[in-house]
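Inside the fold
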Amino acid sequence: MPPVSPTELTQVSRNCSFGGWQMVYRHASAVLNCEMNVGVYLPPQAETQPCPVLYWLSGLTCTEQNFITKAGAQSYAAQHGLIVVAPDTSPRGCNLPGEDDNWDFGSGAGFYLNATQQPWAQHYHMYDYVVDELPGAIAANFPIKPGYQSISGHSMGGFGAVMIALKNPGRYKSVSAFSPILTPAQVQWGQNAFSKYLGNDSDLWDAYDPMYLIKAALERLPILIDQGEADSFLETQLQPHVFAQVCETLQHPLMLRMQPNYDHSYYFIASFMGDHLAHHAQALAG
């Protein structure tokens, strides 16, 4: 039998939500060499017209389910006519040694980069998946508005959203993040993932480090970031103020909103999801 096309989606679930449909699909990814799940919300407007797309990247330990069940994005997506695509956070079931040993590396922790080190290089090409393969599958199956896409995410996914937007000028109309890992080369989460996926030569990490990428940015795409002041990872893993200082020096537009009393959870994300979807809707309407 010929290999299954990555654009061939098999529906796993379908639920009516705010006049649209929250669905989950499974497909065979060629770049990840495994099957992947992806959540897709189709707003009611998609029944009669092409719609812009927002890609959401989730954080450590998450699957596609965390966002679609906890973020409360469907009501805002229906209001603004946005298709929202939420993929899983890593390859699954690849039977690699050590892939399930730790919550911050391997399964559920793909870090949205292309691994070069074995055995991870056989499957862990989440950058290629998010940037190229997944959008191709979405375009082949849904009424998207060509050229109108944005990207957002949380924690590891917030890192992925900012990093991917910086590496692909002109591809996205807008970018935002909740509690992103912005200085990965300087913190344990990033150092652990980068060294295992990319090797110990820290110069090779620059290709995925927002602190380096912002300095070479060819586009001044405004960045919206919400960060909870009660986040237990704020100083040890996230360090938004360090990134903000670089943006200020470079005069790169950044709106960093520090939110008192909020932590790292989906309670925080749901509280400000409406603001983020309005931010993207405004950019995608241009």
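Here's the deal with the side chain of Ser-150
Inspection of the secondary structure assignment puts Ser-150 in strand S6 (residues 144-153). In contact with Ser-150, other than residues within four places in its own chain, are Val-53, Leu-54, Tyr-55, Tyr-172, Lys-173, Ser-174, His-280 and Leu-284.

A look at the packing of aromatic side chains
Applying the stated criterion across every chain, the model contains 18 aromatic pairs. Between Phe-268 and Phe-272, the ring centres sit 5.8 Å apart and the planes meet at 65°, which makes this aromatic pair edge-to-face. Here Phe-272 and Phe-268 lie together in helix H9 (residues 266-284), a separation of 4 residues that amounts to about one turn. Across the pair, exposure class does not vary: Phe-268 and Phe-272 are buried alike. What links up through ring pairs into an aromatic cluster is the set Trp-56, Phe-67, Phe-178, Tyr-262, Phe-268 and Phe-272. We note Arg-14 situated over the ring of Trp-21; from NZ or CZ to the ring centre the distance is 3.5 Å. A cation over an aromatic ring shows up here: Lys-167 above the ring of Tyr-127, its NZ or CZ 5.5 Å from the ring centre.

Comments concerning the pattern of salt bridges
Throughout the structure, instances matching the rule amount to 4 salt bridges. Across the pair Asp-132 and Arg-171 runs a salt bridge whose closest N-O atoms are separated by 3.8 Å. Of this pair, Asp-132 sits in helix H3 (residues 126-141) while Arg-171 sits in the loop between helix H4 (156-167) and strand S7 (175-178); the two residues are 39 residues apart in sequence, bridging distant segments of the chain. Classification of Arg-171 as partly exposed rests on a relative accessible area of 29%.

Conventions adopted
- Residues numbered from 1 in each chain as written.
- Predicted model: local features only at pLDDT ≥ 70, side-chain atom pairs only at ≥ 80, totals over all residues.
- Heavy atoms only, no water.
- Helix = DSSP H or I, 4+ residues; strand = E, 2+ residues; numbered from the N terminus.
- Contact = heavy atoms within 4.5 Å.
- Phe/Tyr/Trp six-rings, centres within 6.5 Å; stacked < 30°, edge-to-face > 60°.
- Buried < 20%, exposed > 50% of the residue type's maximum accessible area, 1.4 Å probe, protein only.
- Lys NZ or Arg CZ within 6 Å of the ring centre and 35° of its normal.
- Salt bridge = Lys/Arg side-chain N within 4 Å of Asp/Glu carboxyl O.

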